[in-house]
Amino acid sequence: MFRPALRWTRLVSLTSLLVGVGYAAMVLCLVAPPSPAQEKMASAAYKIADPYFVQSWQLFAPNPPDANTYGWYQIAYVDASGRRQETDPRSLNDLFVGQSQSQWVFPDRVGRIVTSLDEELVNLQHEQIRIDTLRRGPAATGDGSDPAIGPSVSASSVAGAQPRVPDTEAVKDPRALDGLQKALDAAVARAAVAVRRVASPLADELHLPGRVVEVRIFVTTVSITRFSDRYRDHPPSPKIARVGDSHWLAYLPKGGR
Amino acid sequence: MISPRSLTSRLDRLGTRPQRLIGLAVARIGLGATFVLIYLSNLQYRNLLWGPHGAADFDQFRDSMNSPRRYSLYMISESTPWFNAVFFTGLIVAVLWTVYGTRPLTLLHAIFVWSLYERNESLLDGGDNLNRILVILLIFTTTNAYFSPGAKKVRARLASREPRPRAATSMHNVAATLVVFQTVVVYAVAGLWKVVGSRWREGNALYYITRVDEFSTNSVMPWLMKDPFLLTGATYLTIAVQLAIVPAALTRRRRFREGVLLLIVGMHLGIMYGMGLVSFGLFMMAGDTTILNDDDYRAARRNLRATVGRIRHRHSRLDQSRPHGSPAPKPRALEDIRT
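In this report, the structure presented in the accompanying data block is examined. (Residues numbered from 1 in each chain as written. Chains lettered and ligands numbered in written order. Predicted model: local features only at pLDDT ≥ 70, side-chain atom pairs only at ≥ 80, totals over all residues. Heavy atoms only, no water.)

### Quick look at the interface of chain B and chain A
Item 1. In this assembly, 86 residues from chain B lie in contact with 72 residues from chain A.
Item 2. Carbon and sulfur atoms make up 62% of the area that chain B and chain A hide from each other, which totals about 7,100 Å².
Item 3. Contact with chain A buries surface across chain B, with B:Arg69, B:Trp193 and B:Glu214 losing the most and accounting together for 10% of the total.
Item 4. On the surface where chain B and chain A come into contact, there are five salt bridges.
Item 5. Taken together, chain B and chain A are joined by 28 residue pairs in polar contact (both at pLDDT 80 or more).
Item 6. Ranked by the residues each element gives to the side of chain B that touches chain A, the list is headed by helix α9 (residues 167–196) of chain B, at 14 residues.
Item 7. Considered class by class, the residues forming the side of chain B that touches chain A number 48 nonpolar, 19 polar and 19 charged. (Contact = heavy atoms within 4.5 Å. Buried area = accessible area lost by both parts, 1.4 Å probe. Salt bridge = Lys/Arg side-chain N within 4 Å of Asp/Glu carboxyl O. Polar contact = N/O pair within 3.5 Å; in protein donor to acceptor, adjacent residues only side chain to side chain. Helix = DSSP H or I, 4+ residues; strand = E, 2+ residues; numbered from the N terminus. Nonpolar A, V, L, I, M, F, W, Y, C, P; charged D, E, K, R; others polar.)

And the structure:
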């Protein structure tokens with residue numbers, strides 16, 4: 001039987017140990033609290049970690065969401081007289097999330113389609129506001145969040161989303177801003193495909209009296225009653241805000257692409 | 001400074017005896033069974049969730065796979081038969097891995113896990129994130145030394161070997177340590193982030209979490225979390241338990257480790273029941289099982305046997321002291337009659 005020499009075994013042991021230490025160092029760089037040093041180390045570590053060992057473990061931290069997020073879909077169709085009609089907004093959450101929750105013993109993942117789409121639309125809107133603010137220059141203030149409700153931590157923050165690499169150079173360099181806008185436009189195009197794929201079959205199910213032409217998904221948030229107001233007879237009305245919108249997109253017929 | 005002799009002796013020790021064989025076997029069953037449940041619970045929606053004409057556009061998926069180091073078996077063809085073939089083969093491999101857990105099966109299972117996760121990343125949560133990391137680390141470990149049909153053979157092979165360092169054992173031990181490290185990092189990071197959050201510090205974070213519709217599967221938790229004492233206690237306990245995992249993994253005190261693990265399991269059962277995050281809870285608990293070492297499991301088994309023995313003994317004494325006219329005792333086991 002082949003027996004590797006002890007020194008080779010030791011070499012493998014040493015290599016394994018060094019790889020283990022390297023892995024631990026990489027993980028610690030990625031999960032360390034944000035600081036200028038961490039930003040530099042994390043971007044290097046992320047290149048090694050992505051995609052196999054991406055770390056995202058905030059799990060409802062630093063703060064849980066203070067608002068509920070709801071997705072809505074709307075359908076536009078042309079009726080017999082040739083006039084464009086729009087349906088009332090209908091709840092996506094009731095359809096998808098409610099269905100998943102109804103089998104809580106082991107819920108399916110269908111509800112996640114809607115929650116992730118909601119999250120994506122909200123993020124895209126925030127990103128567009130951020131880029132617009134950066135374009136206006138250093139005089140423009142604000143963090144790009146919706147003033148009505150503030151930068152909500154998404155309800156899906158439990159999901160293992162990949163961390164976004166911060167782009168502080170964008171403020172100084174207009175070309176960097178163009179790059180950000182280009183990346184955002186690509187993300188918007190990706191989200192548009194998902195919106196058409198989710199909303200178009202729903203339009204088919206409605207059997208509307210006319211030809212369906214466009215679909216749309218938008219997202220609203222409704223603030224949760226504050227803990228201190230939970231027993232008040234008349235708590236302040238919840239803040240409602242529209243935080244994401246796909247706008248009208250062409251309907252995708254069955255079997256179409 | 002470590003001397004060369006000390007370094008070599010440490011390296012030899014690293015490769016001599018495989019560690020955490022029981023915990024890794026339990027983790028294999030937990031991770032594998034949960035993944036099988038994901039396959040089964042989404043069986044009827046598989047086309048919508050992962051299919052070539054589902055919610056995630058296939059062309060965009062294929063484009064994203066062009067970046068280095070990304071792969072997925074689902075990208076090979078856009079046809080529905082290929083999708084179904086990969087999906088059902090993945091399901092079969094997951095079942096086989098859960099039962100047998102050999103190293104080739106671990107590798108195969110990792111490929112199918114990654115393929116499914118890459119097909120639609122928007123469906124993933126923190127539990128999936130942990131699963132896809134651990135399944136890679138588990139490729140380098142022995143996960144079938146316990147709770148598998150060939151476990152006795154594997155243990156006999158390990159026991160019959162002469163005690164000398166081996167490369168495979170070194171890799172197993174390093175990977176096993178990394179599995180524990182990764183699990184500990186999840187809790188430590190989550191706990192530390194909570195400490196800096198105002199709502200967690202104020203003790204009312206769970207009130208808000210239980211009012212998020214997405215995570216409200218019943219009315220019990222929101223009702224319980226209206227009580228200020230329960231709410232504050234549960235919120236602070238969540239942070240404390242998550243932070244306690246670091247000393248629990250490092251300490252030699254078995255009772256402390258077991259206590260922390262029981263609290264974490266309780267926390268996950270609460271999350272599964274109250275928030276409907278069942279696969280998340282199961283994946284996390286599977287990772288947690290690696291924190292106990294083999295001696296912990298053996299001690300727990302001894303304690304359990306002793307407790308069961310005490311209960312049986314007490315029952316048999318009660319039966320003997322039963323007065324006349326009471327129902328006849330059940331027939332005793334053959335071993336008892338012989339003695």
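Moving on, there is more to tell.
### Observations regarding unusual backbone geometry
Residue and element names in this part refer to chain A.
Item 1. Residues Asp50 and Pro51 are joined by a peptide bond in cis, for which omega reads 5 degrees.
Item 2. Along the chain, Pro51 falls in the loop between α2 (36–49) and β1 (67–78).
Item 3. In this chain, Ala61 is followed by Pro62 through a cis amide linkage whose omega measures 0 degrees.
Item 4. Even without being a glycine, Leu59 presents a positive backbone phi close to 45 degrees.
Item 5. As for its position among the elements, Leu59 is in the loop between α2 and β1.

### Comments concerning the side chain of B:Asn218
All names here are of chain B.
Item 1. Positionally, Asn218 belongs in the loop between α11 (205–209) and α12 (220–224).
Item 2. From its side chain, Asn218 meets the backbone nitrogen of Val220 in a polar contact 3.0 Å long.
Item 3. Separated by 3.4 Å, the side chain of Asn218 and the backbone nitrogen of Met221 make a polar contact.
Item 4. Sequence-distant contacts of Asn218, defined by excluding residues within four places in its chain, comprise Tyr273 and Gly274.

### Looking at the packing of helix α2 (residues 21–41) of chain B against helix α15 (residues 278–288) of chain B
Any two packed helices are characterised by how steeply their axes cross, that is the angle between the axes, and by the distance between the axes.
Residues and elements named next belong to chain B.
Item 1. With their axes 8 Å apart at the nearest point, α2 and α15 run at an angle of 160 degrees to one another. Our classification of the angle between α2 and α15 gives roughly antiparallel. For α2 against α15, the interelement crossing comes out left-handed. Contacts from Ala27, Gly30, Leu31, Thr34, Phe35, Leu37 and Ile38 of α2 reach α15 at Ser279, Leu282, Phe283 and Ala286.
Item 2. Residue composition of the contact of α2 with α15, by class: eight nonpolar, three polar and no charged. (Axes fitted to C-alpha atoms, helices over the stretch in contact; angles between N-to-C directions. Parallel < 35°, antiparallel > 145°, perpendicular 65-115°, else oblique. Left-handed = near helix turned anticlockwise from the far one by under 90°.)

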